Amino acid sequence: MNIKILYFARIKESVNYSTEDIVLPADVSNINTLKNYLAGRGEVWADLFNGKQTIRAAINHELVDDMMAINDGDEVAFFPPVTGG
Amino acid sequence: MTVQVQTADFDVAAELAAMRTASADIGAVVSFIGQVRDINDGDAVSTLTLEHYPGMTERALEQIEQEAKSRWNISGSLIIHRVGMLQPLEQIVLVAVASAHRGEAFKACEFIMDYLKTQAPFWKKESTPDGERWVEAKISDDEAQSRWKQS
């Protein structure tokens with residue numbers, strides 16, 4: 001399954017890039033398992049995605065919770081709680 | 001129902017005049033303007049930089065307007081939100097709602113702002129004497145949004 005991942009705000013600065021195209025391993029099927037997968041990339045990633053920080057997720061421009069399924073071709077985004085207005 | 005995300009400033013008087021004169025059955029226009037403060041959490045702020053998620057931002061704001069329209073009898077709404085680097089006293093956001101009577105417009109305007117604060121993908125970074133820092137989300141904003149939840 002091929003997806004695009006976007007990162008915003010301090011998450012983008014921490015991982016040091018804003019977007020990536022990625023082929024997901026077979027056992028990554030929803031936001032929760034994707035976070036676990038990303039947490040395995042190293043210390044910076046683990047700090048962000050090990051569940052201690054509040055990280056919001058969107059799939060195809062829609063806010064979703066951690067159990068939302070990911071499908072081939074999806075645009076997934078990770079970002080901190082929003083602070084507009 | 002209009003949504004604009006832009007770096008340019010906006011003319012509140014012109015925007016409100018356009019809303020007010022859109023229809024003769026409008027009896028009330030309520031508006032909110034948010035602007036950049038020069039102090040936050042006790043520290044001087046020299047600039048505020050707003051990042052957003054193009055595409056999702058517009059969609060989220062349109063959904064908030066639709067939700068407001070489904071709850072109250074309003075005839076028009078406008079959200080203009082700026083992004084990029086802003087100085088203290090610059091305008092960040094304008095929310096305006098038109099309706100026949102004031103009550104619906106007041107409620108819908110506050111509802112839109114409370115939802116915008118917690119649902120629309122904008123992030124603020126402020127520049128202080130100690131350097132740049134991301135603004136943290138506030139619990140009070142979540143509480144302000146949750147009071148509109150319907151059982």
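Observations regarding the overall build of chain B
Link 1 in the chain: Of regular secondary structure, chain B possesses 4 helices and 10 strands.
Link 2 in the chain: In chain B, the succession of helices and strands from N to C terminus is β-α-β-β-β-β-α-β-β-β-α-β-β-α.
Link 3 in the chain: The C-alpha atoms of chain B give 16 Å as radius of gyration, which agrees with the globular expectation for 151 residues (15 Å, within 12%).
Link 4 in the chain: Based on the C-alpha atoms only, the size of chain B along its principal axes is roughly 50 × 40 × 30 Å.
Link 5 in the chain: Expressed as a percentage of the 151 residues in chain B, the buried residues total 46%.
Link 6 in the chain: For chain B, the share of sequence-separated contacts (at least 6 apart) that also reach a separation of at least 24 residues comes to 78%.

Some thoughts on the overall build of chain A
Link 1 in the chain: A tally of helices and strands in chain A yields 3 helices and 5 strands.
Link 2 in the chain: In terms of overall dimensions, chain A is globule-like: its C-alpha atoms have a radius of gyration of 12 Å, near the 12 Å expected for 85 residues.
Link 3 in the chain: In terms of overall dimensions, chain A has C-alpha extents of about 35 × 30 × 20 Å along its principal axes.
Link 4 in the chain: When each of the 85 residues of chain A is scored for burial, the buried share is 44%.
Link 5 in the chain: Taking the contacts inside chain A whose residues are at least 6 apart along the sequence as the reference set, 55% of them involve residues at least 24 apart.
Link 6 in the chain: Charge separation in chain A, taken as the distance between the mean sites of 7 positive and 12 negative side-chain charges, equals 7 Å.

Description of the interface of chain B and chain A
Link 1 in the chain: Between chain B and chain A, the contact holds 26 residues from the first and 21 residues from the second.
Link 2 in the chain: Between chain B and chain A, a total of about 2000 Å² is buried, with carbon and sulfur atoms accounting for 55% of that surface.
Link 3 in the chain: Looking at the side of chain B facing chain A, the largest losses of area belong to B:Tyr53, B:Met56 and B:Trp123, adding up to 33% of the total buried there.
Link 4 in the chain: Scanning the region where chain B abuts chain A turns up 3 salt bridges.
Link 5 in the chain: A:Glu62 is paired through a salt bridge with B:Arg59; the nearest N and O atoms lie 2.5 Å apart.

Points about unusual backbone geometry
Link 1 in the chain: Positive phi outside glycine occurs at A:Ala9, with the angle close to 55 degrees.
Link 2 in the chain: Position of A:Ala9 among the secondary structure elements: in helix 1 (residues 9–15).
Link 3 in the chain: For A:Ala9, a relative accessible area of 1% gives the class buried.
Link 4 in the chain: Phi at B:Leu89 takes a positive value of approximately 80 degrees, unusual for a residue other than glycine.
Link 5 in the chain: B:Leu89 gets classed as exposed once you look at its relative accessible area, which sits at 66%.

Notes on the pairing of strand 2 (residues 19–23) of chain A
All names here are of chain A.
Link 1 in the chain: Side chains Glu20 and Ile22 project from strand 2 onto a buried face, and the interleaved Thr19, Asp21 and Val23 project onto a face without burial.
Link 2 in the chain: Bridging between strand 1 (residues 2–7) and strand 2 involves 5 bridges; their strand directions are antiparallel. Each bridged residue has a counterpart across the sheet, and for Lys4 the counterpart in strand 2 is Asp21.

Observations concerning the nonpolar core
Link 1 in the chain: Residues B:Leu61, B:Val95, B:Phe111, B:Ile112 and B:Leu116 are the most contacted members of the largest nonpolar core, which totals 29 residues.
Link 2 in the chain: If you list the elements that add at least two residues to this core, you get strand 5 (47–52), helix 2 (56–71), strand 6 (74–82), strand 8 (91–99) and helix 3 (102–119) of chain B.
Link 3 in the chain: The leading source of residues in this core is helix 3 of chain B, at 8 residues.
Link 4 in the chain: Each residue touching B:Ile112, except ones within four places of it in the same chain, is listed here: B:Ile64, B:Ala68, B:Ser77, B:Ile79, B:Val95 and B:Val97.
Link 5 in the chain: Grouped together as the second largest cluster of nonpolar side chains are 22 residues, A:Val28, A:Ala39, A:Phe49 and A:Phe78 included.

Side note on the confidence of the model for chain B
Close inspection of predicted coordinates is inappropriate for parts of the model with low pLDDT.
Link 1 in the chain: When pLDDT is averaged along chain B, the result is 97, and 99% of the positions lie at 70 or above.
Link 2 in the chain: The complex model carries a pTM of 0.96, and its ipTM stands at 0.95.

Some points on the pairing of strand 6 of chain B
The side chains of a regular strand alternate between the sheet's two faces.
Residue and element names in this part refer to chain B.
Link 1 in the chain: A large share of strand 6 lies buried, amounting to 8 of its 9 residues.
Link 2 in the chain: Pairing geometry for strand 1 (residues 2–6) and strand 6, over 5 bridges, is parallel. Each bridged residue has a counterpart across the sheet, and for Thr2 the counterpart in strand 6 is Leu78.
Link 3 in the chain: The sheet contact formed by strand 6 and strand 8 spans 7 bridges and is antiparallel. If you follow Ile80 over to strand 8, its bridge partner there is Leu94.

Quick notes on the rules
- Residues numbered from 1 in each chain as written.
- Chains lettered and ligands numbered in written order.
- Predicted model: local features only at pLDDT ≥ 70, side-chain atom pairs only at ≥ 80, totals over all residues.
- Heavy atoms only, no water.
- Helix = DSSP H or I, 4+ residues; strand = E, 2+ residues; numbered from the N terminus.
- Rg over C-alpha atoms; globule rule 2.2 N^0.38 Å.
- Buried < 20%, exposed > 50% of the residue type's maximum accessible area, 1.4 Å probe, protein only.
- Contact = heavy atoms within 4.5 Å.
- Lys, Arg positive; Asp, Glu negative; His and termini not counted.
- Charge placed at Lys NZ, Arg CZ, Asp CG, Glu CD.
- Buried area = accessible area lost by both parts, 1.4 Å probe.
- Salt bridge = Lys/Arg side-chain N within 4 Å of Asp/Glu carboxyl O.
- Pairing = 2+ DSSP bridges.
- Core = buried A, V, L, I, M, F, W, Y, C linked by side-chain atoms within 4.5 Å.
- pLDDT = per-residue confidence, 0-100.

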